[in-house]
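One-letter residues, chain by chain:
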Amino acid sequence: MFDTDNRLLAMIEQSQIPLGMQCFTGDRALIEVLGLTGFDFVMLDTEHSPTNPRAIEEAVLAADIVGLVPLVRVPSCTDETAIRRAMEAGAQGLFVPEVKSADDVRQVLDAALFPPLGNRGICPATRAARYSYRTFVDYAEWNNRNFLVVPLIENPDAVDNIDEICALDQVHVLAFGPGDLAYAIGEGNNMTDSPKIREAYLKVQAAADRHGVAVMGGPVLDPSVDGCKSALEDGVKVFCLGLDVMGFRRFCEHTVRIAGDSVKGTAYARPDTPTPDFAPHVTA
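Residues numbered from 1 in each chain as written. Predicted model: local features only at pLDDT ≥ 70, side-chain atom pairs only at ≥ 80, totals over all residues. Heavy atoms only, no water.

## A short note on the overall build of the protein chain
Selection rule: Only DSSP runs of H or I reaching four residues or more are called helices, and only runs of E reaching two or more are called strands; each is numbered from the N terminus. Burial classification: accessible surface area is computed with a 1.4 Å probe over protein chains only, and a residue below 20% of its type maximum counts as buried, one above 50% as exposed, and the rest as partly exposed. Whether two residues touch is decided by their heavy atoms; if any such pair falls within 4.5 Å, the residues are in contact. Per-residue and other accessible areas were derived by the Shrake-Rupley procedure at a 1.4 Å probe size, with only the shown protein chains allowed to occlude residues. Positive charge is attributed to Lys and Arg, negative charge to Asp and Glu, and no charge count is given to His or to the chain ends. The location of each charge is read from NZ of Lys, CZ of Arg, CG of Asp or CD of Glu.
Across its full length, the protein chain holds 13 helices and 8 strands. Dimensions of the protein chain, computed from C-alpha atoms along their principal axes, come out at roughly 70 × 40 × 35 Å. Every one of the 284 residues in the protein chain was classed for burial, and the buried ones make up 47%. Sequence separation of at least 24 residues holds for 63% of the intrachain contacts in the protein chain that already meet a minimum separation of 6. Accessible surface for the protein chain amounts to roughly 14,200 Å². Of this, 54% is attributable to carbon and sulfur atoms. Each charge sign in the protein chain was given a centre, from 24 positive and 40 negative side chains, and these centres are 4 Å apart.

Following this line, the structure appears as structure tokens:
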């Protein structure tokens, strides 16, 4: 029952590049489509999304059905209840926002892992444990062996403390968050061209290389072959490409523009096309 290890960790060890997407809707159909089209993992958001614990359990179940590794982004490293509920729903790992130090990661590990590695309380009456007291010891051992913690490096303090974060034995993957970091250091939306953000990324990547930690990244809002190749050259070993609601917006902008362009020169008309959030070359 608990003899299959975390596929995401196995792929990294085999020098494969896992592919995942951020899911803010928690919609079961969208999650199933991800698995059916070749994605390897899904990040289910509970930091910026009004997702309740029962909905997370349903989303994790949808991921399991199509072979996706389900990961949950918890609201914070201090929310032990959210951490426990995500793990009990069947999440195989957690994205942890606004990490500042190794102690922040240790706090998550303490809440997610069972003794002797952590202090998570036991409860066999959960989906993750297969509602079984008899096999709970097997589940606890499996959980401690396969749990994946992904610190989000999006705070200036985390960049300063990146070596101590990467040095933790349980940190196998981290994600660099240029958006929050750019705002934190006064760069606003300039998260792609800012020399300061680039300098921070190179520092994070160098520390990850020293400690054998895989960096997650890639062109999130505008996936392209060139962008992905550039990410690989920068040292990214896990792709997290796309975000469900933003991807749908891009599709909608593209469709509205097509509809508007199609009636030009005919006897018909359409309302003016709203200014797109994405550049035309992105939506084309």
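## Brief notes about the layout of surface pockets
Threshold: Computed over the protein atoms alone on a 1 Å grid, cavities are sets of points where a 1.4 Å probe fits but cannot get out and pockets are open sets with protein on both sides within 12 Å along at least five of seven lines; a residue lines them when it has an atom within 4 Å of a point. Grid points are joined across faces, edges and corners, and a volume is the space filled by probe spheres set on the points. Residues are grouped as follows: Ala, Val, Leu, Ile, Met, Phe, Trp, Tyr, Cys and Pro are nonpolar; Asp, Glu, Lys and Arg are charged; all remaining types, including Gly, are polar.
Here the largest pocket is characterised by a volume of approximately 1,400 Å³. Phe176, Pro178, Met191, Gly218 and Val220 are, among the 38 residues lining the largest pocket, the residues nearest its centre. Put simply, the parts of the chain that give the lining of the largest pocket at least two residues each are strand 6 (173-176), helix 9 (178-184), helix 10 (195-211), strand 7 (214-217), helix 11 (225-233) and strand 8 (236-243). By residue number, the principal contributor to the lining of the largest pocket is helix 11, which donates 4 residues. Tallied by class, residues from the lining of the largest pocket come to 19 nonpolar, 12 polar and 7 charged. Counted as a void, the second largest pocket has a volume near 370 Å³. Around the second largest pocket sit 21 residues that line it, and Thr4, Asp64, Gln92, Arg130 and Trp142 are the ones nearest its centre. When contributions to the lining of the second largest pocket are tallied by element, the ones reaching two or more residues are helix 3 (53-65) and helix 6 (136-146). Looking at which element gives the most residues to the lining of the second largest pocket, the answer is helix 6, with 3 residues. Looking at the lining of the second largest pocket, its residues break down into 10 nonpolar, 6 polar and 5 charged.

## Considerations on the pattern of salt bridges
Note the following rule: Every case where a carboxyl oxygen of Asp or Glu lies within 4 Å of a side-chain nitrogen of Lys or Arg is listed as a salt bridge.
One pass over the structure, following the stated rule, counts 14 salt bridges. Its salt-bridge partner being arginine 7, residue aspartate 40 comes within 3.2 Å of it at the nearest N-O pair. Within this pair, whereas aspartate 40 is found in the loop between helix 2 (28-36) and strand 2 (41-45), its partner arginine 7 is found in helix 1 (residues 7-13), the two being separated by 33 residues in sequence. Linking lysine 203 and aspartate 160 is a salt bridge whose minimum nitrogen-to-oxygen distance equals 4.0 Å.

## Quick word on the packing of aromatic side chains
For any pair of aromatic rings, the description rests on two quantities: the centre-to-centre distance and the angle between the ring planes. How we decide: For Phe, Tyr and Trp, where Trp contributes only its six-membered ring, two rings pair if their centres lie within 6.5 Å, and the inter-plane angle classes them as stacked under 30 degrees, edge-to-face over 60, or tilted in between.
Taken as a whole and assessed by the stated rule, the structure comprises 7 aromatic pairs. Relative to tryptophan 142, the ring of phenylalanine 2 lies with its centre 6.3 Å away and its plane at 45°, an arrangement referred to as tilted. Here phenylalanine 2, found in the segment before helix 1, pairs with tryptophan 142, found in helix 6; they are 140 residues apart in sequence, far enough to count as distant. Exposure remark for phenylalanine 2: the relative accessible area of 12% places this residue in the buried category. Relative accessible area serves as the criterion here: at 13%, tryptophan 142 is assigned to the buried category. An aromatic cluster of at least three residues, connected via ring pairs, comprises Phe2, Phe114, Phe136, Tyr139 and Trp142.

## A few points about the environment of threonine 275
Mapping threonine 275 onto the fold places it in the loop between helix 12 (244-262) and helix 13 (280-283). Given a relative accessible area of 72%, threonine 275 falls into the exposed group. Remark: the alpha-carbon pair of threonine 275 and glutamate 253, spanning 22 residues in sequence, is separated by 8.8 Å.

## Quick word on the nonpolar core
Basically, it comes down to this: Among buried residues, the Ala, Val, Leu, Ile, Met, Phe, Trp, Tyr and Cys ones that are joined through side-chain atoms within 4.5 Å form a nonpolar core.
Core analysis: the biggest nonpolar cluster contains 59 residues, and Leu44, Leu94, Phe147 and Ile153 have the highest contact counts within it. In this view, phenylalanine 147 contacts Met87, Gln92, Gly93, Leu94, Val108, Leu109, Ala112 and Leu113; residues no more than four positions away in its chain are not counted. The next biggest cluster of nonpolar side chains, apart from the first, holds 18 residues, and it includes Leu9, Leu71, Phe95 and Cys240.

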